[in-house]
Amino acid sequence: MNIKGKSLILRAIEESDLVTLHRWANDSETQDVIGNVHFPSSMDFHRTWFQNLKSDPLNQRLAIDAPKLGIIGITSIINIDWRNNHAWHGVMLGDADIRGKGYGAEAVMTTMRYAFEEMHLERLDGSIIEYNEGSYGFYCGKLGWKEEGRQRGWYYRKGRYWDRIMVGITRKDYFELVEQTRYWD
């Protein structure tokens with residue numbers, strides 16, 4: 001089942017996507033704005049990661065597919081807690097020239113719609129590196145997420161430590177955002 005946004009499609013990651021994912025994983029500019037520490041990774045690492053996706057019901061990673069462009073990023077709903085109905089979310093747009101064109105907002109809105117309307121989750125959590133002001137404004141300004149705390153000195157990047165900003169959105173927040181913006185109309 002593909003998950004349709006306004007123009008984007010969230011779909012299963014396919015083996016043919018691995019070359020692109022491998023390139024993004026080894027791009028230092030892309031990795032500097034996401035939270036996980038990445039070491040240089042081989043294609044074999046990505047093949048193993050891909051094989052493990054098939055049997056992991058608690059971690060859903062989806063390709064963001066744009067018309068005429070193909071895969072432009074990944075959105076994730078991971079560490080799903082079915083008892084308490086929450087999960088962690090992250091999005092990554094791979095190539096710098098894709099960013100700032102609305103694809104990220106649509107990918108997150110589509111992910112939230114799927115999480116809240118189809119999966120019946122109550123909340124999504126995430127985190128942002130302190131210096132990533134673009135992501136902070138994007139999530140906490142445009143997309144209705146709230147800052148819920150900070151972990152001081154969490155990330156080491158660019159020769160110093162940076163705070164980890166904890167963010168979250170509830171089902172109620174999402175539906176209020178959709179009502180306010182008339183996003184899906």
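Placed above this text is the structure.
Residues numbered from 1 in each chain as written. Predicted model: local features only at pLDDT ≥ 70, side-chain atom pairs only at ≥ 80, totals over all residues. Heavy atoms only, no water.

## So, the pattern of salt bridges
As a working rule, side chains carrying opposite charge can pair if their charged atoms are close by.
Right, on to step 1. In total, this model carries 10 salt bridges according to the counting rule given.
Right, on to step 2. Between Asp-95 and Arg-23 there is a salt bridge, and its shortest N-O distance comes to 2.7 Å. Of this pair, Asp-95 sits in the loop between strand S5 (86-93) and helix H4 (103-118) while Arg-23 sits in helix H1 (residues 18-25), and the two are 72 residues apart along the sequence.
Right, on to step 3. Here Arg-23 falls in the partly exposed class, since its relative accessible area comes to 45%.
Right, on to step 4. Taken together, the shared-partner salt bridges connect Arg-11, Asp-17 and Asp-65 into one network. (Salt bridge = Lys/Arg side-chain N within 4 Å of Asp/Glu carboxyl O. Helix = DSSP H or I, 4+ residues; strand = E, 2+ residues; numbered from the N terminus. Buried < 20%, exposed > 50% of the residue type's maximum accessible area, 1.4 Å probe, protein only.)

## Quick word on the side chain of Asn-59
Right, on to step 1. Within the fold, Asn-59 resides in the loop between helix H3 (43-53) and strand S3 (60-66).
Right, on to step 2. Beyond its immediate stretch of four places on either side in the chain, Asn-59 contacts Ile-77, Ile-78, Asn-79 and Ile-80. (Contact = heavy atoms within 4.5 Å.)

## Focus on the packing of aromatic side chains
Right, on to step 1. Inspection of the entire model under this criterion finds 7 aromatic pairs.
Right, on to step 2. Their ring planes at 35° and their centres at 5.4 Å tell us that Phe-116 and Tyr-174 sit as a pair that is tilted. In this pair, Phe-116 sits in helix H4 while Tyr-174 sits in helix H6 (residues 171-181), placing the two residues 58 residues apart along the sequence.
Right, on to step 3. Here Tyr-139 and Trp-145 contribute two aromatic rings whose centre-to-centre distance is 5.0 Å and whose plane-to-plane angle is 80°, an arrangement assigned as edge-to-face.
Right, on to step 4. Classification of Tyr-139 as buried rests on a relative accessible area of 8%.
Right, on to step 5. Within the aromatic cluster, the residues linked to one another by ring pairs are Phe-116, Tyr-174 and Phe-175.
Right, on to step 6. Across from the ring centre of Tyr-183, 3.8 Å away, lies the NZ or CZ of Lys-6, which sits over that ring.
Right, on to step 7. Cation over ring: Arg-113 sits above Trp-184, and NZ or CZ is 3.8 Å from the ring centre. (Phe/Tyr/Trp six-rings, centres within 6.5 Å; stacked < 30°, edge-to-face > 60°. Lys NZ or Arg CZ within 6 Å of the ring centre and 35° of its normal.)

## A word on the nonpolar core
Right, on to step 1. Ranked by internal contacts, the top residues of the largest apolar core, which has 35 residues, are Ile-77, Met-109, Met-112, Leu-121, Leu-124 and Trp-145.
Right, on to step 2. Those elements that provide at least two residues to this core are S3, strand S4 (70-81), S5, H4, strand S6 (123-129), helix H5 (133-142), strand S8 (160-170) and H6.
Right, on to step 3. For this core, the element with the most residues is H4, which contributes 8 residues.
Right, on to step 4. Aside from chain neighbours lying at most four places away, what touches Met-109 is Leu-143, Tyr-174, Leu-177, Val-178, Tyr-183 and Trp-184. (Core = buried A, V, L, I, M, F, W, Y, C linked by side-chain atoms within 4.5 Å.)

## Let's talk about the layout of surface pockets
Right, on to step 1. Within this model, the second largest pocket holds a volume of roughly 310 Å³.
Right, on to step 2. Lining the second largest pocket we find 19 residues, and of these Ala-12, Ile-13, Gln-60, Arg-61 and Leu-62 sit closest to its centre.
Right, on to step 3. Mapped onto the lining of the second largest pocket, the elements with two or more residues apiece are strand S2 (9-12), H3 and S3.
Right, on to step 4. Partitioning the lining of the second largest pocket into residue classes produces 10 nonpolar, 4 polar and 5 charged. (1 Å grid on protein atoms, 1.4 Å probe; cavity = no way out; pocket = protein on both sides within 12 Å on 5 of 7 lines; lining within 4 Å. Points joined across faces, edges and corners; volume = space filled by probe spheres on them. Nonpolar A, V, L, I, M, F, W, Y, C, P; charged D, E, K, R; others polar.)

Everything listed is a geometric property; what it means functionally is a separate question.
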